[in-house]
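The lines below spell out each chain.
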Amino acid sequence: MIAKAYILLAAALLYCPAQADSNPDLVASTSVAPQWKVDFFDDFDDFNPQHWQDQLLWVNGEDQCYLPEGLHNTREVSDGSLKLRVVDLGSLQACDNLSKTGEQHPDTRYVAGRITSKNRQEFSKGKWTARLKVENSGQPGMFPAWWLLGARNNEPPVQEQDENVCWPMAGSGEIDIFEHHSDGGPDHYAARVIKSLGHCGGGDWQGHMLVQQATLAEFHEYSVEWVGQDIVFRLDGTEVYRLLEWGDKIAEPMFAVLNFAKINNSPMRESWTMEVDWVRHESLD
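Keep in mind that what you see is a predicted model, and the values were worked out from it rather than measured.

A. Region of the structure containing the environment of C200. By secondary structure assignment, the location of C200 is in the loop between β13 (195–196) and β14 (203–204). A residue is classified by how much of its surface remains accessible, and C200, at 52% relative accessible area, is exposed. Distance in space between the C-alpha atoms of C200 and V165 is 8.6 Å, their sequence separation being 35 residues.

Right, dumping it as structure tokens:
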């Protein structure tokens with residue numbers, strides 16, 4: 001994910017249910033809507049290593065250092081929810097996170113949490129949903145996110161032989177379901193699909209993006225769903241953005257990522273926490 005100036009798009013879908021035929025001599029035919037089947041659900045009663053692992057890497061020039069095992073309270077599971085935090089340690093500390101080219105992150109006073117379902121829970125298409133909130137939104141440098149990456153992505157941890165595809169080529173595509181970047185102020189988020197430009201590191205960030213208002217300090221359900229040939233983004237079950245004819249363009253198995261990054265060196269004020277109530281993936285029967 002790279003900080004970009006947001007473009008506000010609008011999407012609306014009108015739905016008109018078919019009316020039943022009033023003539024009793026005619027037999028009305030009805031179609032049965034496809035049924036969703038839950039094939040992954042985590043309500044964070046604990047941190048389940050069969051669902052998630054910590055992901056330690058340095059991307060996008062981010063200022064924070066990702067830590068494992070919830071060190072310095074960067075990752076906490078309590079009272080039925082996951083909390084991912086950015087924490088100010090108050091003084092510079094060494095960071096062992098590496099970039100894609102093997103460069104080590106410079107010393108930093110900021111540490112954070114990032115988890116991924118890579119090689120734990122990966123699915124093609126279907127519907128991904130998370131219920132989450134972010135308090136104190138809009139502070140300079142804030143960058144919490146809930147998003148998906150193709151399962152053959154070659155960023156660490158590399159644990160399988162086929163994890164050799166660079167971002168955002170096919171097999172390493174990206175879908176951002178919820179991404180709050182503080183540049184736009186509080187109470188907004190972006191939803192997007194990254195279009196591959198055909199080479200490693202080449203992605204169109206703004207051509208297929210919606211910026212949506214929401215009260216981030218309150219829990220909402222943020223989801224992406226493959227609907228026929230389309231990809232649909234929803235907020236609390238209501239469609240807010242539809243990408244036509246994208247359903248087969250990103251069809252590879254994908255894993256989920258939840259993280260809270262700090263995108264610049266602005267000083268922190270107040271607390272930075274993304275609280276996640278649950279995460280779910282569903283498939284059509």
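B. Main features of the pairing of strand β5 (residues 81–93). Pairing between strand β4 (residues 75–78) and β5: four bridges, direction antiparallel. The partner of E76 across the bridge, within β5, is K83. Note: β5 against strand β20 (residues 272–284), five bridges, orientation antiparallel. Bridged to L84 within β20 is M274.

C. Region of the structure containing the side chain of K262. Structurally, the position occupied by K262 is in strand β19 (residues 254–262). Overall, the relative accessible area of 0% leaves K262 in the buried class. A distance of 2.6 Å separates a polar atom in the side chain of K262 from the backbone oxygen of S266. Every residue in contact with K262, bar those within four places of it in the chain, is listed here: E62, D63, Q64, V86, Y110, G141, M268 and W272.

D. A look at the state of the cysteines. Considering all chains together, one arrives at two disulfides under this definition. Shown here is the disulfide that connects C65 with C95, its sulfur atoms set 2.1 Å apart. Between C65 and C95, the S-S torsion sits near 85 degrees, and that sign places the bridge as right-handed. One end of the pair, C65, is in strand β3 (residues 65–66); the other, C95, is in the loop between β5 and β6 (108–112), with 30 residues separating them in the sequence. For C65, a relative accessible area of 2% puts it in the buried group. Counting only the cysteines that take part in disulfides, in the order they occur along the protein, gives the pairing 1-2, 3-4.

E. View of the pattern of salt bridges. Summed over the entire model, instances satisfying the criterion amount to 17 salt bridges. Note that E163 and K118 form a salt bridge whose closest N and O atoms lie 3.4 Å from each other. One end of the pair, E163, is in the loop between β10 (142–150) and β11 (174–179); the other, K118, is in the loop between β7 (114–116) and β8 (122–123), and 45 residues separate them in sequence. Like E163, the residue K118 is buried in the burial classification. Linking R131 and D277 is a salt bridge whose minimum nitrogen-to-oxygen distance equals 2.7 Å.

Parameters and conventions
- Residues numbered from 1 in each chain as written.
- Predicted model: local features only at pLDDT ≥ 70, side-chain atom pairs only at ≥ 80, totals over all residues.
- Heavy atoms only, no water.
- Helix = DSSP H or I, 4+ residues; strand = E, 2+ residues; numbered from the N terminus.
- Buried < 20%, exposed > 50% of the residue type's maximum accessible area, 1.4 Å probe, protein only.
- Pairing = 2+ DSSP bridges.
- Polar contact = N/O pair within 3.5 Å; in protein donor to acceptor, adjacent residues only side chain to side chain.
- Contact = heavy atoms within 4.5 Å.
- Disulfide = S-S within 2.5 Å.
- Salt bridge = Lys/Arg side-chain N within 4 Å of Asp/Glu carboxyl O.

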